[in-house]
Amino acid sequence: MTTTSATIERPAAPQSRHEWAVAEVEALFELPLLELVFRAQQVHRSHFDPQEVQRSTLLSIKTGGCSEDCGYCSQSARHDSGLARQRLLPVDEVLANARAAKARGASRFCMGAAWRGPKDQDLAPVLEMVREVKALGLQTCVTLGMLKEGQAEQLADAGLDYYNHNLDTAPDFYEQVITTHTLQDRLDTLDKVRGAGINVCSGGIVGMGENRRQRAALIAQLANLPTPPESVPINNLVQVPGTPLAGAGALDPFEFVRTIAAARITMPASFVRLSAGRGEMSDELQALCFMAGANSLFYGERLLTTDNPDADRDDRLFARLGLRAI
C-alpha cells in the first residue's frame, strides 16, 4: 500500500475517547447558541489553528443513472430531476480539472461517481485517476458507493488518501430517506476502507425533515465509530426539483450552526467541512460556522450537480475574515 504524508493530516487522537450518548449530544444542541459556539471554539483551538481552513474541490466523474433511491439525490435514476446522464469522464479531462483546482488553491481533489458501487471494470480507470491526481501533489478522495471485497485495497495501493461515504442521517430516520440499501451497508464499506488503511470522510445531511434528536443521533454515531472520521462533511439539504425531498421545510440556519458545533465538540481532531448548501449561505452565516469549529470547505463553482459559491467570493471571504487556506 502506498503511504504518503498526505494520509497523516489530523492531529493524533487522544489516548482515550468519550463514547457519546445521543442524549449527551442533544444536550449540546439545547445549550444557548453563543455558549455552544464558545465551547466549540475552545475545543477547536486546542486541536487546530483557528485561522486555517482546508479547501477541497469535488468533481463528478460519472453523473446520473444511479440505481439507488436516496431521496435527496438528483442523480438517482428513480427521480425525474431532469439531470442528463454522463459516462465516466476520460482521465485527461479529470486531470485538467485537477490542475485547475490546484491552481485555484485547493489542496484536495475529490472525485464522485454515481454508482451503487463500482464494478471491477469501472474501478480500473478510477485507479488511474487517483494515481495521476496524486502525482500532481494533491490529496486524493473518491466517493464511489459501496465497495466489494478487495476494492478498498486496490484504491489504497493506488495511493488514495480519503474515501467518502456519508452515513447521511440518524439510524431511526434512515429508511425515510433511503430504502435500496441499509445503514449497515454503509458501515460495512467504512470498515473495508479502514481495514485498507485509507482515511475516512463521512458525515451527513441535515434539513431532510429529521428532528433535533435525530441530528444529535447522526453526530453521536459518527463520533462513536471505532475511529472517528478524519473528515466530517456537514451538508445542508439542497432541494432539487423532482426529488422526493423537494419542498421539505428549510432548516433554521442557527440549527445548522449547532450541528457544526456539536460535530466539533464530539470529534475534536476531525476536519469539519461545510459542504452542500453553502451556496445559499450568507458570508455572515459561514463566519459563524467557522466560529463553531468548521475548518474545511468545498471550493469551486460546482459540487457534483449543485451550485457552490464561486472561488472569487470565497477568496474575498477568506480575506475579510483573515483566514488562510491550507
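Residues numbered from 1 in each chain as written. Predicted model: local features only at pLDDT ≥ 70, side-chain atom pairs only at ≥ 80, totals over all residues. Heavy atoms only, no water.

Trainee: Before we move on, could you go through the pairing of strand β3 (residues 139–143) and cite the residues and values that matter?
Mentor: Taken across its five residues, β3 has five buried, putting it largely inside the fold. Two strands pair when backbone bridges link them, and strand β2 (residues 108–113) and β3 are joined in this way by five bridges, in the parallel orientation. Within the sheet, the bridge partner assigned to Gly 112 lies in β3 and is Thr 143. In this fold, the crossover linking β2 to β3 by way of helix α4 (residues 120–135) has right-handed handedness. As judged from the two bridges shared by β3 and strand β4 (residues 162–164), these two strands associate in the parallel manner. Counterpart to Cys 141 in the pairing with β4 is Tyr 162. (Buried < 20%, exposed > 50% of the residue type's maximum accessible area, 1.4 Å probe, protein only. Helix = DSSP H or I, 4+ residues; strand = E, 2+ residues; numbered from the N terminus. Pairing = 2+ DSSP bridges. Right-handed = clockwise from strand over helix to strand, strands pointing away.)

Trainee: So, the pairing of β2: which residues are in play, and what are the values?
Mentor: Taken residue by residue, a regular strand's side chains alternate between the two faces of the sheet. In terms of burial, β2 is largely enclosed, as six of its six residues are buried. Taken together, the six bridges between strand β1 (residues 52–62) and β2 define a ladder with parallel strand orientation. Looking across to β2, one finds that Lys 62 is bridged to Ala 113.

Trainee: Run through the packing of aromatic side chains, naming residues and quoting values.
Mentor: Here the structure, examined in full by the defined rule, presents two aromatic pairs. Residues Phe 48 and Phe 271 carry aromatic rings whose centres are separated by 4.9 Å and whose planes lie at 70° to one another, so their mutual orientation is edge-to-face. Of the two residues, Phe 48 is situated in the loop between α2 (33–47) and β1 and Phe 271 in strand β8 (residues 271–274); the sequence distance between them amounts to 223 residues. The residues Phe 48 and Phe 271 share a single accessibility class, namely buried. Note on Phe 290 and Phe 318: the rings are 6.5 Å apart at their centroids and 80° apart in plane angle, and the pair reads as edge-to-face. Residue Phe 290 is found in helix α9 (residues 283–291), and its partner Phe 318 is found in helix α10 (residues 311–321); the two are separated by 28 residues along the sequence. Phe 290 sits in the buried class, given a relative accessible area of 8%. (Phe/Tyr/Trp six-rings, centres within 6.5 Å; stacked < 30°, edge-to-face > 60°.)

Trainee: Now, about the pattern of salt bridges: what can you tell me, with residues and values included?
Mentor: Scanning all chains against the criterion turns up 16 salt bridges. Of the charged contacts in the structure, one is a salt bridge between Lys 192 and Glu 149, with a shortest N-O distance of 3.8 Å. Taken together, the residues span a long stretch of sequence, with Lys 192 in helix α6 (residues 183–195) and Glu 149 in the loop between β3 and α5 (151–157) at a distance of 43 residues. We note a salt bridge from Glu 255 to Arg 212, for which the minimum N-O separation is 2.7 Å. Separated by 43 residues along the polypeptide, Glu 255 in helix α8 (residues 253–266) and Arg 212 in helix α7 (residues 212–223) bring together distant segments of the chain. Assessed through its relative accessible area of 23%, Arg 212 is described here as partly exposed. Residues joined by salt bridges that share partners form a network here, namely Glu 30, Glu 210, Arg 212, Arg 215 and Glu 255. (Salt bridge = Lys/Arg side-chain N within 4 Å of Asp/Glu carboxyl O.)

Trainee: Would you mind going over the packing of α8 against α9 in detail, with residue names and values included?
Mentor: For the pair α8 and α9, the least separation of the axes is 9 Å and the interaxial angle reads 25°. On the basis of the axis angle, α8 is roughly parallel to α9. For the element pair α8 and α9, the recorded crossing hand is right-handed. Contact residues: α8 offers Pro 253, Phe 254, Phe 256, Val 257 and Ile 260, while α9 offers Leu 285, Leu 288 and Cys 289. Split into classes, the residues belonging to the contact of α8 with α9 amount to eight nonpolar, no polar and no charged. (Axes fitted to C-alpha atoms, helices over the stretch in contact; angles between N-to-C directions. Parallel < 35°, antiparallel > 145°, perpendicular 65-115°, else oblique. Left-handed = near helix turned anticlockwise from the far one by under 90°. Contact = heavy atoms within 4.5 Å. Nonpolar A, V, L, I, M, F, W, Y, C, P; charged D, E, K, R; others polar.)

Trainee: Got a sec to walk through the side chain of Gln 41? Specific residues and values, please.
Mentor: Along the chain, the position of Gln 41 falls in helix α2. Gln 41 sits in the buried class, given a relative accessible area of 9%. Excluding anything up to four places from it in sequence, Gln 41 contacts Pro 50, Phe 290 and Met 291.

Trainee: Talk me through α2; I want residue IDs and the actual numbers.
Mentor: Spanning 15 residues, α2 covers 22 Å between terminal C-alpha atoms, matching the ideal 21 Å at 1.5 Å per step. Looking at α2, one finds that the buried residues are Leu 33, Leu 36, Val 37, Ala 40, Gln 41, Val 43 and His 44. Projected down its long axis, α2 shows its buried positions confined to an angular sector of 165°, all on one face. Exposed residues on α2 whose side chains face more than 90 degrees from its buried face are Leu 34, Arg 45 and Ser 46. Looking at the packing, one finds that the buried side of α2 touches α1 (22–30), α8 and α9. (Expected span 1.5 Å × (residues − 1). Arc of directions from axis to C-beta.)

Trainee: Go over unusual backbone geometry with me, naming the residues and quoting the values.
Mentor: In the Ramachandran plot, Asp 168 falls in the positive-phi region, its phi being about 70° despite a non-glycine side chain. In this fold, Asp 168 is placed in the loop between β4 and α6. Note on Asp 168: relative accessible area 2%, which makes it buried.

Trainee: Tell me about the environment of Ala 248, residues and numbers included.
Mentor: Here Ala 248 is to be found in the loop between β7 (231–236) and α8. In this view, Ala 248 contacts Gly 207, Leu 237 and Gln 239; residues no more than four positions away in its chain are not counted.

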